[in-house]
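# Geometric and topological summary
For reference, the chains in residue letters:
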Amino acid sequence: MFCPLVGLQNRPDPSGKRNNKDEEMDVVMQFCNYLFNSERGDFRKEVASLLTLFVDATTKLKDKDAVKSFFPEINAMLVEIASLFEVNCRKGHKLDDSPQCSELLTRICLLRAELSLMAQIHNMSEISSNSSSSSSMLSDWKDISRNLSIYSKNLPLEKIEGGEKMLAFTESLFQEVESLHQSFRDKKINGCVMKNSLLLLFFKIVIFKEESFLTDLLLLESGNDATSMASGKDRIALHLQKLEYFPLILSDERMKNTEDIFRAFKPIEVFFRSLTSLNYSFLIAQDEMILSFSELLDKMNQLMKAKLKKIIPQFPLFAFPTTFRLNFVDSLSRNLVELLKYDPVSIALAKHHIEEIQRHLQSLSSFLVDVSKLQIEEDQELKDIGKQIIHLAYKAEYVIDSIEVDAQWQDFFWLNDVLGELRLVNEKACGIQLTIRDAKVLDPKNVTQVSHDTFPRHGTPAIDEIVVDLRDQEEMIIDMLTLGPERLDIVSIVGMPGLGKTTLAMKVYNSKSVMYCFHQRAWCTVSHAYEKRRLLIEILTGVHGLTDEIHQMTDDALEGKLKEALLRNRYLIVMDDVWDAGAVNDLKKAFPNDSNGSRILLTSRHRSVALEIEPDSVPHSLRQFSEEESWKLLEKKVFKGESCPNELVAVGKEIARQCRGLPLAIVAVAGILKMTEKSRNSWKKIANSLSSQVLNDPEAQGQSVLELSYQYLPEYLKPCFLYMGVLDKDKDILVSKLIQLWLAEGLIPKTQTKSFEDLAEEFLVELIDKSLVIISRRRSNGKVKACRLQSLMLDFCKSKTKDANFFQLVTRCDDPYASFPSSDYGFEFDFYHHLSPVSFASYRLAVCLKQNHFLESRPSGLGTRSLVFFASTDSETRWPYDISFILHNFKLLRVLDFECIDVASFPVEIGLLIQLRYLAVGGYVTSIPQSLGNLRKLETLIVKGLRGKIILPNTIWRLTSLRHLHVKIHVAVNLDDEESENSSVLENLVSFSRLSLPCGQDAERILKRFPNLRKLSCIFFESQDSSTTRNQFPMLDFLTHLESLKIFYFGTPLKDGKFNLPSNLKKLTLSDFRLPWSHMSAIGRLPNLEVLKLQSGAFEGQIWEMKKEEFQRLKFLSLDTLDIVQWNASCDHLPTLERLILQNCKDLEEIPAEFANIYTLEMIEVHWCSESAEESAKKIVEETGDIKVLISCSNLSS
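The structure reproduced in this document is the subject of the present report. In this text the structure is predicted, and so the values were computed from the model without any measurement.

Cut-off values and rules
- Residues numbered from 1 in each chain as written.
- Predicted model: local features only at pLDDT ≥ 70, side-chain atom pairs only at ≥ 80, totals over all residues.
- Heavy atoms only, no water.
- Helix = DSSP H or I, 4+ residues; strand = E, 2+ residues; numbered from the N terminus.
- Buried < 20%, exposed > 50% of the residue type's maximum accessible area, 1.4 Å probe, protein only.
- Contact = heavy atoms within 4.5 Å.
- Areas by Shrake-Rupley, 256 points an atom, 1.4 Å probe, with all protein chains shown as cover.
- Axes fitted to C-alpha atoms, helices over the stretch in contact; angles between N-to-C directions.
- Parallel < 35°, antiparallel > 145°, perpendicular 65-115°, else oblique.
- Left-handed = near helix turned anticlockwise from the far one by under 90°.
- Pairing = 2+ DSSP bridges.
- Salt bridge = Lys/Arg side-chain N within 4 Å of Asp/Glu carboxyl O.
- Polar contact = N/O pair within 3.5 Å; in protein donor to acceptor, adjacent residues only side chain to side chain.
- Phe/Tyr/Trp six-rings, centres within 6.5 Å; stacked < 30°, edge-to-face > 60°.
- Lys NZ or Arg CZ within 6 Å of the ring centre and 35° of its normal.

### Comments concerning the overall build of the chain
- Tallying secondary structure elements over the chain gives 41 helices and 30 strands in all.
- Every one of the 1198 residues in the chain was classed for burial, and the buried ones make up 55%.
- Expressed as a percentage of contacts within the chain between residues at least 6 apart in sequence, the contacts between residues at least 24 apart total 67%.
- About 52,300 Å² of surface is accessible on the chain, with carbon and sulfur atoms providing 49% of the total.

Below is the structure:
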């Protein structure tokens, strides 16, 4: 094949040095004289300019590959020139006269422009240092644009439109190049932006030429066939769409100033040139080999696919969760709708891709709903497509969120790949007919599928329903506690997991006789990996109440404080789930032996541990249930005390027998039976499932029962259950926090009839009702305040969490933390500097380590969405920590719980985490940065400050998604801030604590900005305003949704103590108002009030004279630290009271005797009051026999 450029490119250099400019021009002119036989004209001029530029670039630029990539196209043009020269000479015409020659000249001009751009891109140093070089380049561009204008006037008729388009395109490019050079000279842009912007223009030229070439080829092949033309144009558009992604990425302002983007796109530049080379190779060879338009396009796409595979980094390897399929896809689809609605600038380039992805996810969500109604265990195709859908959904979430947060150029290509895969899988899913022939449909009568709008609202099970008819064992333990020796004694309950050790201990702990016997009681859970400090705080909290002072005390001080609190008191300490003797031995110094009958009750799986702790005492071994006891428990759980139908008794007893006497297994199976149809066939299927896994080991059989119970859980409850396995770190799980985390993780679906919080609470009730979760504490209104998992259930839950990649639990036993110094102080100061940063691939992280161990390991998680930290010690750190680097290393976090880390300050970088839904920080926080306003998706904000008041930034009003805002110790709004005056209200905020407000109209003005509050804890302080509204209780009746209100007051007594409260209020706590009892009527008339707590001088005066027709729905009343002496009331004043608590009311003479006639009254607690008040409580109990009484008095001794 003729190749005119070979001799020119390979011209020998005798000196071995590069030729100077004159030598290069001589060589070019000699070549042109040879080629054009000394004929002058446009061709000679254009070719000379092109070749001069080419030779100059060859000799000056270091990147030889970039220059060589032009060789095939220049060579093809010279071949075409030679061919035209020969034809015109035969006809006696000049070379420049024909329209075909003008067309070729326009292409040469465009190639000159392209080559000029490439030279500028790779020679930025010369442009920076030499202004004449920049002027010379711009002069060349003017010459190109001027010549194009001339040549385009003599084009063939069918090419005139294309020529005008090329002229307009080139002139536009010239203007952009000129503007860039001017901005660069004026130092408005740096070299990086200049280089990337020139690269963008280079890509535009290549794409323009690609479109022109393919359109010409299509026109040549299709002729006048409209169908072929339309189809071909669609294929060209799809091909160009892939190419246009590169300039689109470079057009993003975030990319232009990134040096990495040029290095990454350098091989793409060569790839683009290779496409042009392919085109012109085709032109040269078309006489020898014929490629159709379709074949050439296929070849281009194959080349593109192969090249991009080498250029684009592989998608990171993440451990995506394998559970929560249906709800996750649905949740992601809804999140994308919100993202597109908000339409941030950051997703502009990807908007159309995201829109299509959302449509595919919506379609696939419907498909998964249909699949969920089928049993697909035997249908491998459906199982595989389900896995593929969830994996692609997680990939799409990662890429889209990455683009929104901090786009990298490869993200856009990954997004395109995910979209392509979703198209295929959606097409495949749409082709599957889900019928009974394809899979076995579950009979809706067999499994109860509860819709989100029909969850049970009441009926939360009580704790003591779990164990049935163990009165003999309960009485035995009570006797050992109350009738044993006077010395401090240790009583042990031992047995395998699932037998009910904790439940039996709890029943004993809450029994009347034990309450009467012991002045102080406390409960702590030890578990396998215990910490002495945590146990001390847990016990002190039960004995003394939790205070900030306790958290800040040293271990030795805590030990002394506990010993002082227990001294001269008959006490009972329960230590649950003890694994070795060390836990008890570590605390023995804190347990005084006053020979007054004090006891320690411990539970353990191991009899040997109990004997090691107390060799002289025989542990009580909790036996397995008999078959009859097992059946009675199962029957009670399933039928709620009613008798089982006769036709189910036999199969029911068989199911109970297969539980091998483990109460936990029995109640778990009961949870399954309650969901199934009460028919013999349905129960027989469950019996068969159990019998197929019957094991000789009762503990192993218990695990298999738990597995079956988990499989029968509705899909929406499984992730909620798994989440509890992470939060249950040997402590009670606070329900409020659990629900807020469920919301942030997207585990709670949106419904039209219920709030997120109400639905989440119903999810929890359902888990409790299925006996998977234990209630550990209740609120004053009877709702669940804290919960936990039984130890065997917790082990199972953690195992499932790990298997499903739902959470990764990081502890002291994991690398590299196992090698870290155990002491906070005794290590070498350079220990951490020799460590490599720790990288995590998990979707969610739960970290239980020392604060310094975790932070000094410089952790990162590219795809981590949740980071929950549990400090392995509650001790105050020697210095607060800077966590700003965490915010750079975990950019996609949705949940960040650093409440247990003492941060030095609230980092400004928090504004980077725009995906956050849940944020909790603790430590020496005194202010919140303005950047918080960037977190438009934030739903929960918790700030656990250690010092005084925190001022909210004025950007808080931008957080329109915020639902829960809790700041400790208290938080204030800038009343003088202009933005807070004019911004929109926080309509979604439902709970807020502790807001600090002045009395009067200022408080009303601020609170009106939270119109939908359901729970509010605030501080009212005396206003400095001199107006008539100064020092008055604010009007709060406009908060029509408010159900719970807690108010602390600081200042002189209010001038006008008139309360104006919302009629919907159900729970009210007042403190330090020092109002006369006559003001109580406004509270008593609240029609829905169920809980009332009066604390620390809320009301003053020796006599409280209650009035009729007040407090008609009150169920809970607490009086704490009041100076009341005489309480005049009868049963008619509190007709629905269930629980009465008196604490530190040392002057109160007695509880009204008529309270014995309140038939709803269940419990009276008297703590640190007068002896006469205690005696009056005992008389009420003696009179009724049904009311429980709990009395605590720190002054009592044996």
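### Structural notes on the packing of helix α6 (residues 99-121) against helix α9 (residues 160-185)
- Viewed as axis vectors pointing N to C, α6 and α9 meet at an angle of 20°, and their least axial separation amounts to 12 Å. Accordingly, the angle class assigned to the pair α6 and α9 is roughly parallel. Note on packing geometry: the crossing formed by α6 with α9 is left-handed. Between α6 and α9, the residues in contact are Thr106, Leu110, Leu117 and Gln120 and Met166, Thr170, Val177 and His181, respectively.

### What to know about the sheet that holds strand β8 (residues 733-734)
- Here 3 strands make up an open sheet; going across it, the order is β8-β10-β9 and the pairing antiparallel. Two strands close off the open sheet at either side, each with one partner strand: β8 and β9 (774-778).
- Bridge count between β8 and strand β10 (residues 784-788): 2 bridges; the pairing is antiparallel. Bridge assignment links leucine 734 to a residue of β10, and that residue is alanine 786.

### Some details on the pattern of salt bridges
- Enumeration according to the criterion identifies 44 salt bridges in this entry.
- Residue glutamate 474 pairs with lysine 507 through a salt bridge whose shortest N-O separation is 4.0 Å. With glutamate 474 in helix α19 (residues 471-482) and lysine 507 in helix α20 (residues 501-509), this residue pair connects regions lying 33 residues apart in the sequence.
- Residue class for glutamate 474 comes out buried when judged on its relative accessible area of 16%.
- Given the relative accessible area of 24%, lysine 507 is considered partly exposed.

### Considerations on the side chain of histidine 1133
- With respect to the helices, strands and loops of the structure, histidine 1133 is situated in the loop between β27 (1126-1128) and β28 (1139-1143).
- Relative accessible area serves as the criterion here: at 11%, histidine 1133 is assigned to the buried category.
- Here serine 1130 takes part through its backbone nitrogen, which lies 2.9 Å from a polar atom of the side chain of histidine 1133.
- Residues contacting histidine 1133, with those up to four places away along its chain left out, are Met1106, Lys1107, Lys1108, Glu1110, Phe1111 and Gln1112.

### Focus: the packing of aromatic side chains
- Under the definition given, this model contains 37 aromatic pairs.
- Measuring from centroid to centroid gives 5.3 Å for phenylalanine 992 and phenylalanine 1010, while their planes differ by 90°, and the two rings are edge-to-face. Residue phenylalanine 992 is found in strand β18 (residues 991-998), and its partner phenylalanine 1010 is found in the loop between α39 (1001-1007) and β19 (1015-1021); the two are separated by 18 residues along the sequence. Residue phenylalanine 992 shares its accessibility class with phenylalanine 1010, and that shared class is buried.
- On the numbers, 5.5 Å between centres and 5° between planes, the contact of tryptophan 1104 with tryptophan 1127 is stacked. A residue pair is termed long-range when its members are at least 10 positions apart, and tryptophan 1104 in strand β25 (residues 1103-1105) and tryptophan 1127 in strand β27 qualify at 23 residues.
- By way of ring pairs, the aromatic residues Phe1020, Phe1033, Tyr1049, Phe1059, Phe1073, Trp1077, Phe1099, Trp1104, Phe1111, Trp1127 and Phe1155 are connected into one cluster.
- Its end group placed over the ring of phenylalanine 806, arginine 844 keeps NZ or CZ at 4.4 Å from the ring centre.
- The cationic tip of arginine 994 hangs over the ring face of phenylalanine 1048; the distance from NZ or CZ to the ring centre is 4.3 Å.

### Here we look at unusual backbone geometry
- Here lysine 968 and isoleucine 969 are connected by a cis peptide whose omega angle stands at 20°.
- Looking at where isoleucine 969 falls in the secondary structure, it is placed in strand β17 (residues 964-972).
- Residue serine 993 is joined to arginine 994 through a cis peptide bond whose omega torsion reads -20°.
- Positive phi outside glycine occurs at lysine 187, with the angle close to 60°.
- Here lysine 187 lies in the loop between α9 and α10 (191-222).
- Residue class for lysine 187 comes out exposed when judged on its relative accessible area of 75%.
- Non-glycine residue asparagine 1144 carries a positive phi angle of around 60°.

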